[in-house]
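Residue-level listing of the chains:
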Amino acid sequence: MARYYFDDFRLLEEERLLFEGEKQIPLTKRRFALLLTLLQRAGEIVTKEELIARVWGGMIVEESNISQQIYQ
């Protein structure tokens, strides 16, 4: 599986882990899925519909849920 490196961070897709240096950063399943989606599509525009489909599995959610996952 893929490993992503950005700044001092590394994300291990298969293990579902995020590290800043040697420190593990805890992420909920949704936050991990959101970050992974954005990393997989780096440099591309990802629509809110794509994010909702990927992260929430097509559930009906409010747009504010995306920003909540990012900023909390």
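For the structure itself, look to the data block above.
Computed from a predicted model, the values in this text were never measured in an experiment.

Undergrad: How would you explain the overall build of the chain if you had to name every residue and give the values?
TA: Across its full length, the chain carries 3 helices and 4 strands. The order of helices and strands in the chain, counted from the N terminus, is β-β-β-β-α-α-α. Against the 2.2 N^0.38 benchmark of 11 Å for 72 residues, the chain shows a C-alpha radius of gyration of 12 Å, consistent with a compact globule. Overall size of the chain, expressed as C-alpha extent along the three principal axes, is 35 × 25 × 20 Å. The buried share of the chain, reckoned over its 72 residues, is 29%. Long-range pairs, those at least 24 residues apart, make up 25% of the contacts in the chain with a sequence separation of at least 6. Counting every atom, the chain has about 5300 Å² of accessible surface; 52% of that belongs to carbon and sulfur.

Undergrad: Describe the side chain of Thr37, naming the residues involved and giving the relevant values.
TA: Counting through the fold element by element, Thr37 comes out in helix α1 (residues 29-40). Contact partners of Thr37, with chain neighbours within four places excluded, come to Val46, Leu51 and Arg54.

Undergrad: Lay out the sheet that holds strand β2 (residues 9-12) in plain terms, naming residues and giving numbers.
TA: Strand order in the open sheet formed by 4 strands is β1-β2-β3-β4, and the pairing between neighbours is antiparallel. A strand with exactly one partner marks an edge of an open sheet, and here the two such strands are β1 (3-6) and β4 (23-25). For this sheet, the mean inter-axis angle between neighbouring strands, taken without regard to orientation, is 25 degrees. Across 3 bridges, the pairing between strand β3 (residues 17-20) and β4 is antiparallel. Looking across to β4, one finds that Glu20 is bridged to Lys23.

Undergrad: Tell me about the nonpolar core, and please be specific about residues and values.
TA: Counting residues in hydrophobic clusters, the biggest one holds 9 residues: Ala33, Leu34, Val46, Leu51, Ile52, Val55, Trp56, Val61 and Ile66. Mapped by element, the contributors of at least two residues to this core are α1 and α2 (48-56). Examining the composition of this core, we find that 4 residues originate from one element, α2, more than from any other. In terms of nonpolar packing, the next biggest core, distinct from the first, is built from 6 residues, Tyr4, Leu11, Phe32 and Leu36 among them.

Undergrad: Could you give an account of the environment of Trp56, with specific residues and numbers?
TA: Mapped onto the secondary structure, Trp56 falls in helix α2. Sequence spacing of Trp56 and Ala33 is 23 residues, and the spatial spacing of their C-alpha atoms is 9.1 Å. Once you skip the residues sitting within four places of it in the chain, Trp56 turns out to touch Arg30, Leu51, Val61, Asn65, Ile66 and Gln69.

About the criteria used
Residues numbered from 1 in each chain as written. Predicted model: local features only at pLDDT ≥ 70, side-chain atom pairs only at ≥ 80, totals over all residues. Heavy atoms only, no water. Helix = DSSP H or I, 4+ residues; strand = E, 2+ residues; numbered from the N terminus. Rg over C-alpha atoms; globule rule 2.2 N^0.38 Å. Buried < 20%, exposed > 50% of the residue type's maximum accessible area, 1.4 Å probe, protein only. Contact = heavy atoms within 4.5 Å. Areas by Shrake-Rupley, 256 points an atom, 1.4 Å probe, with all protein chains shown as cover. Pairing = 2+ DSSP bridges. Axes fitted to C-alpha atoms, helices over the stretch in contact; angles between N-to-C directions. Core = buried A, V, L, I, M, F, W, Y, C linked by side-chain atoms within 4.5 Å.

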